[in-house]
Amino acid sequence: MPQLMSPNSNLDSDFAVFKGLAPKMAVVFVGFLIAGMAMPVLPLHVHNDLGFGNIVVGLVAGTQFGASFLTRLWSGSYADRRGPKRAVVLGLCTAVVAGVFYLASTFFLDQRNLSAVILLIGRALLGGAESLILTGSVAWGLATAGPGNAGKVIAWVGTAMFGALAAGAPVGTALYSAMGFSAIATATVVLPVVTALIIAPLASVPGRATSAGSRGRVIRAVWLPGLGAGFSSVGYAAIVTFSVLLFASRQWPNPWLAVTCFAAALVTARILLGHLPDRLGGGLTALVFVCVEVVGLILIWIAPQPIIGMIGAATVGIGYSLVFPGFGIAVVGAAPPENRGMAMGLYSAFLDLALALSGPLLGLVGNAAGLPAIFLVSATIVLCAAPIAFWTLRHEGIKSAYSAQTSRDGERIDR
């Protein structure tokens, strides 16, 4: 007869998983603090310092996500073959080079086109670095915590990422106000070195050889959950790229609060609710939280005053917090064990593709219909993830029923 786990056993298990993940989360936090500082500043730098419009703002913001998309599958494969720690170290080295390009772009502010091109190169390099750091860290966490804790790994490593975004927004704004974009560039060079000191004493996980047909199996396991994650990520893109400009256009104080409210709410939700995907199933979790994210985007669209806009941003953060881990469980369950790094890399690539396309396309929406319309259009796109979440929920039910029937058949044979 199966034994029921007590609440204390669950808490002990959660704590053990968290303890093992804490060093990887620290690495992700420091690494993504770079992105967190730049996110609220880049739109202002490109718009105010360089004098470009919404489309170029979206292009500069989206270049990092586009580069991440192009390197995700390779990053995951590299982490599988060479070990996740090596992938993270390579990502940190690439981030340093990206910071050098950031810094170089500040020497050509009077030649705005050249400055923008150099900045775009830096953004592309940082996208590749981010791909290696995040994919390597998730693969590292899955290797140490096991697939039964996949939801916690994806949620809590992601918590470190978004915690960095929440902390980075006010820090980046303060640095930009005091010393300009060159301060952000300098931090982008220095912080990866700090991260390398954190990662140095951690034990590595050896890489494993992959089979010849592994890529096809990974693609089949990932494409539909990845599509759902991509749709839901449009809300994230709208917040980090255009919420600051929306708040500023309405002459609301401290425009960076939109990004901070989003990230802080997301971090809080993942800390308090990060166990839900593993316990309730990924499909149900994704379905519920997609709807929450849509409500938050609509609140921003109609917001008559700053407090409603901040509540909307926080609601988007709560909604998005568990959509990505919810769909991610389906990926981990279907992918071959030796290819989980590749699977998570490809899964994250759907997020990158959504963010890369959302920047310039939502910029076009803003030019044609105004900044508020961006959030209505984003809500409509995010809602497209709901049918995929419902399909995942049904598929999980069928798979669970099949497993239960197989178990009963095995028991009858034993008897």
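Residues numbered from 1 in each chain as written. Predicted model: local features only at pLDDT ≥ 70, side-chain atom pairs only at ≥ 80, totals over all residues. Heavy atoms only, no water.

(A) Structural view of the overall build of the protein chain. The secondary structure content of the protein chain amounts to 15 helices and zero strands. When burial is assessed residue by residue, the protein chain has 54% of its 415 residues classed as buried. Counting only contacts in the protein chain whose residues sit at least 6 apart along the sequence, the fraction spanning at least 24 positions is 85%. Total accessible area on the protein chain is roughly 16700 Å²; 70% of this is exposed by carbon and sulfur atoms. (Helix = DSSP H or I, 4+ residues; strand = E, 2+ residues; numbered from the N terminus. Buried < 20%, exposed > 50% of the residue type's maximum accessible area, 1.4 Å probe, protein only. Contact = heavy atoms within 4.5 Å. Areas by Shrake-Rupley, 256 points an atom, 1.4 Å probe, with all protein chains shown as cover.)

(B) Representation of empty space enclosed by the protein. Taken as a whole and judged by the stated rule, the model has three cavities of 30 Å³ or more. If you add up the space inside the largest cavity, you get close to 270 Å³. For the largest cavity, the lining is made up of 25 residues, of which R72, E130, L134, M161 and L351 are closest to its centre. Mapped onto the lining of the largest cavity, the elements with two or more residues apiece are helix 1 (7–38), helix 3 (54–82), helix 5 (112–145), helix 6 (150–179), helix 12 (306–334) and helix 13 (340–369). The biggest single contributor to the lining of the largest cavity is helix 6, with six residues. (1 Å grid on protein atoms, 1.4 Å probe; cavity = no way out; pocket = protein on both sides within 12 Å on 5 of 7 lines; lining within 4 Å. Points joined across faces, edges and corners; volume = space filled by probe spheres on them.)

(C) Representation of the side chain of T195 within the structure. Mapped onto the secondary structure, T195 falls in helix 7 (residues 181–199). Here the side chain of T195 touches L191 through a polar contact of 2.9 Å, landing on its backbone oxygen. Look past the residues within four positions of T195 in its chain and what remains in contact with it is V27, V30, G31 and L92. (Polar contact = N/O pair within 3.5 Å; in protein donor to acceptor, adjacent residues only side chain to side chain.)

(D) Inspection of a nonpolar patch on the surface at higher detail. Judged by side-chain polarity, I55, F69, L70, L353, L357, L361 and L364 come together as a nonpolar surface patch covering roughly 630 Å² of accessible area. For L357, the position within the fold is in helix 13. (Patch = residues over 30% accessible without salt bridge, like charges linked within 9 Å, V, L, I, M, F, W, Y side chains within 5 Å. Salt bridge = Lys/Arg side-chain N within 4 Å of Asp/Glu carboxyl O.)

(E) How the structure looks around the environment of V331. By the secondary structure assignment, V331 is in helix 12. Taking the relative accessible area as the measure of exposure, V331 reaches 0% and is therefore buried. For V331 and G282, which are 49 residues apart along the polypeptide, the C-alpha to C-alpha distance reads 9.8 Å. The residues touching V331, leaving out its near neighbours within four places in the chain, are A221, V222, P225, A343, M344 and Y347.

(F) Examining the nonpolar core more closely. Ranked by internal contacts, the top residues of the largest apolar core, which has 112 residues, are F262, F327 and F375. Ranked by residues supplied to this core, first place goes to helix 8 (residues 214–249) with 14 residues. Of all hydrophobic cores here, the second largest spans five residues; its members include Y78, A79, A87 and A139. (Core = buried A, V, L, I, M, F, W, Y, C linked by side-chain atoms within 4.5 Å.)

(G) Expanded view of the confidence of the model for the protein chain. For the protein chain, the mean per-residue pLDDT works out to 80, and 87% of the residues sit at or above 70. For the protein chain, per-element mean pLDDT is lowest for helix 15 (residues 385–414), which scores 62, and highest for helix 14 (residues 371–383), which scores 93. In this model residues 1–5 is a low-confidence stretch, pLDDT under 50, and it forms one contact with partners more than four residues away in sequence or in other chains. Below a pLDDT of 50 lies the segment residues 400–413, which in the model reaches one contact outside its immediate sequence neighbourhood of four places, other chains included. (pLDDT = per-residue confidence, 0-100.)

(H) Representation of unusual backbone geometry within the structure. The residue Q251 is not glycine, and still its phi comes out positive at about 60°. You can see Q251 is positioned in the loop between helix 8 and helix 9 (257–273). For Q251, a relative accessible area of 73% corresponds to the exposed category. Backbone geometry places N254, a non-glycine residue, at a positive phi of 50°. Within the secondary structure layout, N254 lies in the loop between helix 8 and helix 9.

(I) Representation of helix 7. Between its first and last C-alpha atoms helix 7 spans 28 Å; for 19 residues at 1.5 Å apiece the expected length is 27 Å, and the two agree. When we look at burial in helix 7, the residues that qualify are F181, A183, I184, A185, A187, T188, L191, P192, T195 and I199. (Expected span 1.5 Å × (residues − 1).)

(J) Region of interest: the packing of helix 4 (residues 84–105) against helix 7. In contact at an axis separation of 8 Å, helix 4 and helix 7 are set at 160° when each is read in the N-to-C sense. Considering the angle they form, helix 4 stands roughly antiparallel to helix 7. Considering only the axes of helix 4 and helix 7, their crossing is left-handed. Between helix 4, through K85, V88, V89, L92, A95, V96, A98, G99, V100, Y102, L103 and S105, and helix 7, the contact on the second element is made entirely by F181, S182, A185, T186, T188, V189, P192, T195, A196 and I199. Its residues assigned to classes, the contact of helix 4 with helix 7 shows 15 nonpolar, six polar and one charged. (Axes fitted to C-alpha atoms, helices over the stretch in contact; angles between N-to-C directions. Parallel < 35°, antiparallel > 145°, perpendicular 65-115°, else oblique. Left-handed = near helix turned anticlockwise from the far one by under 90°. Nonpolar A, V, L, I, M, F, W, Y, C, P; charged D, E, K, R; others polar.)

(K) Just the packing of aromatic side chains, in detail. Scanning the entire structure with this criterion turns up six aromatic pairs. Their ring planes at 45° and their centres at 5.4 Å tell us that Y102 and F181 sit as a pair that is tilted. Of the two residues, Y102 is situated in helix 4 and F181 in helix 7; the sequence distance between them amounts to 79 residues. For the pair Y102 and F181, one class covers both residues: buried. Through pairs of rings, three or more aromatic residues link up here, namely Y236, F262 and Y320. A cation over an aromatic ring shows up here: R112 above the ring of F52, its NZ or CZ 4.2 Å from the ring centre. (Phe/Tyr/Trp six-rings, centres within 6.5 Å; stacked < 30°, edge-to-face > 60°. Lys NZ or Arg CZ within 6 Å of the ring centre and 35° of its normal.)

(L) View of the side chain of T241. If you trace the backbone, T241 turns up in helix 8. A polar contact is formed between the side chain of T241 and the backbone oxygen of A237, at a distance of 3.0 Å. Dropping the residues within four chain positions of it, T241 is found in contact with P43, G58 and A61.

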